[in-house]
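An overview of the molecular structure
Read off the chains here:
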Amino acid sequence: MNDRKPIELEEGWKFMEKGIKKLIMILEGLPEPPFNSEDYSMLYTTMYNMCTQKAPFDYSQQLYDNYKQAFVDYIVSTDDLLSGQDVLPVYQEICSKAKDAVLALIHVEREGGQIDQALLKNGLGIYVEIGMGQMEQYENDFEAHLLDDTAAYYSRKASSWISEECLKNEKERVSHYLHLSSEEKLLERVQNELLLVFENQLLEKENSGCRVLLKDDKVEDLSRMYRLYSKVPRGLEPIGVIFKTHITDEGTVLVQQAEDAATSKAETGSGGSHEQVFVRKVIELHDKFMVYVIECFSSHTIFHKALKEAFEVFLNKGVAGSTSAELLATFCDNILKKGGSEKLSDEAIEDSLDKVVKLLAYVSDKDMFAEFYRKKLSRRLLFDKSAHDDHERSILTKLKQQCGAQFTSKMEGMVTDLALGRENQTHFEDYLEQNPIANPGLDLNVTVLTTGFWPNYKSSDLNLPDEMVKCVEAFKQFYQTKTKHRKLSWVYSLGSCNIHGKFGQKTIELIVGTYQAAALLLFNTADRLSYSEIAAQLNLGDEDLVRVLQSLSCAKYKVLTKEPVSRTVSHTDQFAFNPGFTDRMRRIRIPLPTMDERKKIVEDVDKDRRYAIDASIVRIMKSRKVLGYQQLISECVEHLSRSFKPDFKVIKKRIEDLITRDYLERDKENPQLFKYLA
């Protein structure tokens, strides 16, 4: 049995420290006799015994840690372990030379040379080993110098070139021999020198800056620029500003081109629709830059925002005397009605409508679009001009998703009215078959419109000819069998008639409006009538009557003759039936001179806006009871912004009007404070 007494850690380590101290003195060249065989044997035996003792006296790990710490202390300490004198330790003697050598090798590799990366990796590992796994030694004695050297290198290079390859190379450098903890800091320093320090020069560079890349459609270069600056904090913001400015400039050019085309058209009297061309070009511009946002800029929010703000700038400018809202509505009408200039397939129509709705999101006066669109929709529906019902319903669905249910409620009601109207017409025809006495002897088609859904139409007390009176009475009797709680108001200005005119031996079918038909039927019982006689018999105002008589006597189809002969109608003119009128067609449509409805639509929109502002102010004040002027203005604008952008002056005027109508009152002590009056 081995009865050897265990050696305690403190006792054994004191003995080992004497040997370490003797070794350091020998290494430092101080007077100290060399180790003899007895010294060496005693140190070895003591260490062996302490490492092989059974628990709890096995001190192998503690001895290893103590010895390693003694080794590190000797290498990195700046104090003479023996006498207290300042000396340059071994580690610091080699540190500077090793660091310089490593940085020199890295420089060689950056310039395209070949180096022994494995050797470099092993050499750099000693920094971490010396730090016993801690990174302080590595960071202070090597990494800090590496980062400074890297910054200086790329600062020199950045003035003449920039490439993604440099970042890729630095990343590979870390994986080959640098410590992983250096990657983020190294790339950040490279990015700073390459991108941030020279940001303005790079983005505004004469032949390769961001503006030039956008102008020349350099998609790949733009993508590369995005990838570089996306790694830099706030690095994408300057590119977003340039992107927005570029789109705004491009859109403004389109607006100017439309203005020039409109001026040229007015001067030459030539045809062609500059409005259609403008909208089509805006759609193409949006498609182009949306591809940039998605493919070059990875759908980053900065670029979506830049695109939106740019289109909001030029789409809310006046375009050749019209608004973009009006032009978008006209564009839709042209592709949805029969005979429009845009000859498109069903898929192309759907695609165009989808893009128009997207553009509408940038237009502030959405209520203006709604009113113009509703006016044009009414004509397509009432005069059977709509090319396809499915497309009509499709765009309403798109508009509903974009602008809300309230935006399309009236339009949807119009489409529903037409569907119900067709069903109602079938019931009316059945009624006439069952009641032959009520049958007026003429084909009659009536569409019942719901007040509120449709635009406001001019109504008049037209004196109908007897034939038409019978038709109206027949439908009234039928409608009373359906409901007794609704009153019919006849809008004759929207009606149309097919009448047969006998001109010598030839019979021509004339497709005319109700006003025109009533005027023509007067000449069944009179050979000649004066302007005043026609006005008295029809009970029509001058504005409508002049248009009617001009269409029948001064335009392309002169069904009536006029004395004196001229291209305009006056109150002293005389009219007669023209038996000599002829045309190669047996069926002709005689249109009324077009009226400029734009002014009326704009007036209606302004009136609706006043009501909307009033309602918004009252709604806000009813919930708040007391509110300051600026906050009331702000909340009112926010409430109405989905439909239109209200003018501050108009809001102020509406507030004053509500005060006079006792909805609000000013605070007696603070005139900028308003109170709601219940």
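As the structure is a prediction and not an experimental result, all values here were calculated from the model.

Another point: the sheet that holds strand β6 (residues 587–589). Read across the sheet, 3 strands follow the order β1-β2-β6 without closing on themselves; strand pairing throughout is mixed. A single partner strand is all that each edge strand has here, and the edge strands are β1 (496–503) and β6. Between one strand axis and the next, the sheet turns by 25° as a mean value, whatever way the strands run. Here β1 runs beside strand β2 (residues 506–513); their pairing, made up of 8 bridges, is antiparallel. Residue pairing in the sheet places Asn498 in a bridge with Ile511 of β2. Contacts from helix α21 (residues 514–521) reach β1 and β2, with the element oriented near 135° to β2.

As enumerated under the stated definition, the model contains 33 salt bridges in all. Between Lys398 and Glu350 there is a salt bridge whose closest N-O contact spans 3.5 Å. With Lys398 in helix α18 (residues 389–403) and Glu350 in helix α16 (residues 346–360), the pair connects residues that are 48 residues apart, well separated along the chain. A salt bridge links Asp604 to Lys600, with the shortest nitrogen-to-oxygen separation between them at 2.9 Å.

Turning our eyes to something else, we now look at the environment of Trp13. Relative to the helices and strands, Trp13 resides in helix α1 (residues 9–27). Remark: the alpha-carbon pair of Trp13 and Met50, spanning 37 residues in sequence, is separated by 9.6 Å. Not counting the four nearest positions on each side in its chain, Trp13 is found in contact with Ile20, Met50, Leu63, Asn66 and Tyr67.

Generally speaking, a soluble globular protein has its nonpolar side chains buried in company with each other. Formed by 71 residues in total, the largest nonpolar core has its most connected members in Phe243, Phe278, Phe311, Phe369, Tyr373 and Leu399. In terms of residue count, the dominant contributor to this core is helix α13 (residues 274–296) (9 residues). Those residues within four positions of Phe369 in sequence are excluded, and the remaining contacts are Ala325, Leu328, Ala329, Leu360, Leu399 and Phe407. Formed by 47 residues, the second largest nonpolar core is a distinct cluster that contains Leu520, Leu538, Tyr557 and Val569.

This paragraph deals with empty space enclosed by the protein. Inspection of the entire model under this criterion finds 2 cavities of 30 Å³ or more. Taken as a whole, the second largest cavity holds about 40 Å³ of empty space. In this structure, the second largest cavity is lined by Glu371, Lys375, Pro455, Asn456, Lys600, Ile601 and Asp604. Mapped by element, the contributors of at least two residues to the lining of the second largest cavity are α17 (366–382) and α24 (598–624). Class assignment of the residues belonging to the lining of the second largest cavity gives a composition of 2 nonpolar, 1 polar and 4 charged.

Between its first and last C-alpha atoms helix α25 (residues 629–640) spans 17 Å; for 12 residues at 1.5 Å apiece the expected length is 16 Å, and the two agree. Residues of α25 that are buried include every one of Tyr629, Leu632, Ile633, Glu635, Cys636 and Leu640, and no others. Where the residues of α25 are buried, they touch α24, β7 (626–628), α26 (648–660) and β9 (673–676).

Within this model, the second largest pocket holds a volume of roughly 770 Å³. Forming the walls of the second largest pocket are 24 residues, and the residues nearest its centre are Asp367, Gln406, Phe407, Ala612 and Ser643. Those elements that place two or more of their residues in the lining of the second largest pocket are α17, α19 (405–434), α24 and α25. Considering every element that reaches the lining of the second largest pocket, the biggest residue donor is α24, with 7 residues. For the lining of the second largest pocket, the per-class residue count stands at 11 nonpolar, 5 polar and 8 charged. Shared between two domains, the lining of the second largest pocket takes at least three residues from each, and those domains are domain 3 (219–263 + 271–418) and domain 6 (598–676).

Turning our eyes to something else, we now look at the side chain of Thr248. Relative to the elements of secondary structure, Thr248 occurs in helix α12 (residues 237–268). Filtering out sequence-adjacent residues up to four positions away, Thr248 remains in contact with Ala310, Val313 and Phe314.

For the rest of this paragraph, the subject is the pairing of strand β5 (residues 574–577). Across a regular strand the side chains alternate sides, sitting on one face of the sheet and then on the other. Examined bridge by bridge, strand β3 (residues 528–530) and β5 share 3 bridges and lie antiparallel to one another. By the bridge assignment, Arg528 is partnered in β5 with Ala576. Pairing analysis gives 4 bridges linking strand β4 (residues 560–563) to β5, with the strands arranged antiparallel. Its bridge partner lying in β5, Thr561 is registered against Ala576.

What follows is about unusual backbone geometry. Note on backbone geometry: most residues besides glycine have negative phi, and most peptide bonds are trans. In this structure, the amide linkage connecting Ala55 to the following residue, Pro56, adopts the cis form with an omega of 10°. With respect to the helices and strands, Pro56 occurs in the loop between α2 (37–52) and α3 (60–76). With omega at -5°, the peptide bond leading from Glu563 into Pro564 counts as cis. A positive phi angle, close to 55°, is found at Asp217, a residue other than glycine. On the accessibility criterion, Asp217 (38% relative accessible area) is partly exposed. Here the phi dihedral of Ser299 falls at roughly 55°; this positive angle occurs in a residue that is not glycine. Mapped onto the elements of the fold, Ser299 is located in the loop between α13 and α14 (301–315).

So, on to the environment of His639. Along the chain, His639 falls in helix α25. With a relative accessible area of 42%, His639 lands in the partly exposed category. On a C-alpha basis, the gap between His639 and Ile613 in space is 9.2 Å, while along the polypeptide they are 26 residues apart. What His639 contacts, discounting residues up to four positions off in sequence, is Ser616 and Ile620.

The subject of this paragraph is the sheet that holds β3. Either a parallel or an antiparallel arrangement is found when strands of a sheet pair, and the pairing is made through backbone hydrogen bonds. Judged by pairing direction, the sheet is antiparallel, and its 3 strands sit side by side in the order β3-β5-β4 without closing on themselves. Whereas interior strands pair on both sides, the edge strands pair on one side only; in this sheet they are β3 and β4. Pairwise comparison of adjacent strand axes, ignoring direction, gives a mean angle of 25° for this sheet. On top of the sheet, helix α22 (residues 531–538) reaches β3 and β5; it is set at about 85° to β3, its chief contact.

Moving on to the packing of aromatic side chains. Per the counting criterion, the structure on display carries 21 aromatic pairs. Taking 4.0 Å as the distance between ring centres and 15° as the angle between the ring planes, the aromatic pair formed by Phe297 and Phe303 counts as stacked. In this structure Phe297 comes out as buried when scored by relative accessible area, which is 1%. An aromatic cluster is present here, built from Tyr226, Phe243, Phe289, Tyr292, Phe297 and Phe303 joined pairwise through their rings. Between the NZ or CZ atom of Arg380 and the centre of the ring of Tyr373, over which it lies, the distance is 5.2 Å.

Quick notes on the rules
Residues numbered from 1 in each chain as written. Predicted model: local features only at pLDDT ≥ 70, side-chain atom pairs only at ≥ 80, totals over all residues. Heavy atoms only, no water. Pairing = 2+ DSSP bridges. Helix = DSSP H or I, 4+ residues; strand = E, 2+ residues; numbered from the N terminus. Axes fitted to C-alpha atoms, helices over the stretch in contact; angles between N-to-C directions. Contact = heavy atoms within 4.5 Å. Salt bridge = Lys/Arg side-chain N within 4 Å of Asp/Glu carboxyl O. Core = buried A, V, L, I, M, F, W, Y, C linked by side-chain atoms within 4.5 Å. Buried < 20%, exposed > 50% of the residue type's maximum accessible area, 1.4 Å probe, protein only. 1 Å grid on protein atoms, 1.4 Å probe; cavity = no way out; pocket = protein on both sides within 12 Å on 5 of 7 lines; lining within 4 Å. Points joined across faces, edges and corners; volume = space filled by probe spheres on them. Nonpolar A, V, L, I, M, F, W, Y, C, P; charged D, E, K, R; others polar. Expected span 1.5 Å × (residues − 1). Domains from an automatic or database assignment. Phe/Tyr/Trp six-rings, centres within 6.5 Å; stacked < 30°, edge-to-face > 60°. Lys NZ or Arg CZ within 6 Å of the ring centre and 35° of its normal.

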